[in-house]
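In case you want the letters, here they are:
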Amino acid sequence: MKKPIQRDLFPGALEMMILRTLKRQPMHGYALVQDIKRTSDDLLQIEEGSLYPALQRLLKEGFVKAEWGISSTNRRVRIYKLTATGGKHLEREVSSFERMLKGITQVLAPGEL
Amino acid sequence: MNWLRQLFSRQRLYRELSEEIQAHLDEKIEELVAGGMPEREAKQAALREFGNIGLIEEKSREVWAWPLVEEVFFDIRYGLRTLSHSPVFTAVALLTIAIGIAANAAVFSIVNSVLLKPLNYPKAEELVALHQVAPGAEGLADFENGLLLSPSMYFTYADHNQTFQSLGVWITGTANVTGMAEPEQVRTVAVSDGVLQTLSVPPAVGRWFSQVDQVPNGPGRVMLSYGYWQRRFGGDRRVIGRNIMVDSQTREIVGVMPQGFRFVDSDFDLTTPLAFDRGKAILAGFGFHGIARLKPGATIAQANADLARMLPIWMDSWSNGPGSNPHIYETWRITAMIHSLKQQVIGNVGELLWVVMGTIGLVMLIACANVMNLLLVRVEARQQELAVRTALGAGRARIV
């Protein structure tokens, strides 16, 4: 069981990070989760498995596509790739996320209390 | 057709997902082992970091599933399981509903065949019953049949009408057939010229009556129904030309009507020509059903007007014998009220049938109410189970 404090990324956050990571280069699930963990300096504790439902959602929406391929460790894996619509979706999400973040930061910013 | 392909490819999708997750775990373990961890520990660590595999697979599958459909499906499965725990209750409830449904189906099949299916004649929408009413003729005209036609009316209408392709009159009766194996009383329909032409159903064997057969005291002719033909003659096609004795009169068989043919609403065994004697016809003798086929485009209103126009001609052309006043019928206030043949056949039965249908529907409701009561009693007993399900997170809708 995980401690609740590590949980709860807001909805869509994981998807956004997946799309962003895939934008750099196509990769398979395991590599993807390691990459996200590494890039976030392990600040984000992502349950590795939670990646898969998110990937399925993205597949269904057509934001990514998957092809079977061989990984660097010589395994048959599904390699995910960002699609054009996925790219557009990412841009939209990121800009709306930034607006939201800005709003939250402004509210939280130390001011006259 | 995307969703269809999706439906069929789902199994493959799920397999691939499991494979992918397994590969993920293998890779993780391999990496941990390479980092110097014992394999057993590595396995546990990989699983720990991955999370609940079953739940994750389910969540991944849910993405592709139709949650609503599958929820309903699981509810049904749950319901069946509950029912199988109490076979007696299930049997009673099923039986109650089954009887209700069966009664409904039975009545509806009658309603369907009587009310909703068209008559079994070519271009049946052109067929009309020559219905007339005579409010001034107490006793002679009844509510159901109105004032039937007399032979002289038939002659007048046949000669002078402008709205019908053909028309004729007919009457049902019985006759004794003798001279064969054993005497038999059969149902007959006697027809004037024009009835068969109006109904337009060709004979299965032989020919219709023609005008020659309608000559009074002419050669006796008879046609058979399909059923009678099968029953008495074994469907032998050589019956045409044979003679049978009908009410002690020799009649030659000229044709057989096809299976299922009826005269409007009358089943019959034999049909004979009426062979009216024009010379002996008088005004009276209102005993015959009239049937006609409208000219294409003619309406029932036009036909009613046509009949109204011909009634004076009828009174002027015939009499009831010397010294009688043919215009006495003006006091009867004879009025044409032609129906479509379908309406004539169904008549009041239609309303009656709808009432029956409604009653049976009510029976069905009562059956349902009974089952409902049984269910209520059981819900009372299932309080505990329901409480547990609620606690486990079942939504209100799913419990109901």
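Report on the accompanying structure. Worth saying up front: this structure is predicted, and the values here are computed from it rather than measured.

**Some remarks on the overall build of chain B**
Phase 1 of the analysis: Looking only at helices and strands, chain B features twelve helices and twelve strands.
Phase 2 of the analysis: Within chain B, contacts between residues separated by at least 24 positions form 77% of all contacts whose residues are at least 6 apart in sequence.

**Remarks on the overall build of chain A**
Phase 1 of the analysis: When you go through chain A residue by residue, the secondary structure sums to four helices and three strands.
Phase 2 of the analysis: Secondary structure elements of chain A occur, N-terminal to C-terminal, as α-β-α-α-β-β-α.
Phase 3 of the analysis: When burial is assessed residue by residue, chain A has 29% of its 113 residues classed as buried.
Phase 4 of the analysis: When contacts within chain A are restricted to residue pairs at least 6 apart in sequence, those whose partners lie at least 24 apart make up 54%.

**Considering the nonpolar core**
Phase 1 of the analysis: In terms of nonpolar packing, the biggest core is built from 54 residues, with V128, L130, L149, W170 and I291 of chain B touching the most fellow members.
Phase 2 of the analysis: With six residues, strand β3 (residues 164-178) of chain B is the single largest residue contributor to this core.
Phase 3 of the analysis: Not counting residues up to four positions away in its chain, the partners in contact with I291 of chain B are L127, A129, L130, L167, G168, W170, V195, T198, V264 and L341 of chain B.
Phase 4 of the analysis: Within the second largest apolar cluster, 24 residues are counted, among which are A31, I46 and Y80 of chain A together with I21 of chain B.

**A few points about the packing of helix α1 (residues 13-24) of chain A against helix α4 (residues 84-108) of chain A**
Residue and element names in this part refer to chain A.
Phase 1 of the analysis: With their axes 10 Å apart at the nearest point, α1 and α4 run at an angle of 125° to one another. Here α1 lies oblique to α4, going by the angle between them. The two elements α1 and α4 cross, and the hand of that crossing is left-handed. Each of M16, L19, R20 and K23 in α1 lies in contact with α4, whose residues at this interface are G86, G87, H89, L90, E93, V94 and F97.
Phase 2 of the analysis: Each residue belonging to the contact of α1 with α4 can be placed in one class, and the counts come to five nonpolar, three polar and three charged.

**Considerations on the sheet that holds strand β3 (residues 76-82) of chain A**
Residue and element names in this part refer to chain A.
Phase 1 of the analysis: Strands sit in the order β1-β3-β2 across an open sheet of three strands; the sheet is antiparallel. Of all strands in the sheet, those bounded by a partner on one side alone are β1 (27-28) and β2 (64-70).
Phase 2 of the analysis: Relative to β3, β1 is paired through two bridges, and the arrangement is antiparallel. From the neighbouring strand, H28 faces β3, where its bridge partner is I79.

**Observations concerning the interface of chain A and chain B**
Phase 1 of the analysis: Taken together, the contacts link 16 residues of chain A with 19 residues of chain B.
Phase 2 of the analysis: Broken down by element, the side of chain A that touches chain B gets its largest block of residues, five residues, from helix α3 (residues 51-61) of chain A.

**Points about the pairing of β3 of chain A**
All names here are of chain A.
Phase 1 of the analysis: The sheet contact formed by β2 and β3 spans seven bridges and is antiparallel. Note on β3: the bridge partner recorded for W68 is R78.
Phase 2 of the analysis: Taking the residues that link successive antiparallel strands as the turn, the β2-β3 hairpin has five residues, and the phi of N74 there is positive, at about 65°.

**Remarks on the packing of α1 of chain A against α3 of chain A**
All names here are of chain A.
Phase 1 of the analysis: Running from N to C, α1 and α3 point in directions that differ by 70°, and their axes come no closer than 10 Å. Relative to α3, the element α1 lies roughly perpendicular. In contact with L14, E15 and I18 of α1, α3 contributes A54, L55, R57 and L58.
Phase 2 of the analysis: Of the residues belonging to the contact of α1 with α3, the class tally is five nonpolar, no polar and two charged.

**Thoughts on the pairing of β3 of chain B**
All names here are of chain B.
Phase 1 of the analysis: Pairing of β3 with strand β10 (residues 289-294) involves six bridges; the strand directions are antiparallel. In the strand pairing of β10, S166 is matched with R293.
Phase 2 of the analysis: Where β3 and strand β4 (residues 184-191) come together, eight bridges link them in antiparallel fashion. Among the inter-strand pairings, T172 is bridged to a residue of β4, identified as V189.
Phase 3 of the analysis: Linkage of β3 to β4, two consecutive antiparallel strands, is achieved through a turn of five residues, within which G179 is found at a positive phi near 95°.
Phase 4 of the analysis: The pairing of β3 with strand β7 (residues 243-246) spans two bridges and is classified as antiparallel. Its bridge partner being in β7, T178 is matched across the sheet by M245.

The rules behind these values
Residues numbered from 1 in each chain as written. Chains lettered and ligands numbered in written order. Predicted model: local features only at pLDDT ≥ 70, side-chain atom pairs only at ≥ 80, totals over all residues. Helix = DSSP H or I, 4+ residues; strand = E, 2+ residues; numbered from the N terminus. Contact = placed C-beta atoms within 7 Å. Buried ≥ 20, exposed ≤ 12 C-beta atoms within 10 Å, placed from the backbone. Core = buried A, V, L, I, M, F, W, Y, C linked by C-beta atoms within 7 Å. Axes fitted to C-alpha atoms, helices over the stretch in contact; angles between N-to-C directions. Parallel < 35°, antiparallel > 145°, perpendicular 65-115°, else oblique. Left-handed = near helix turned anticlockwise from the far one by under 90°. Nonpolar A, V, L, I, M, F, W, Y, C, P; charged D, E, K, R; others polar. Pairing = 2+ DSSP bridges.

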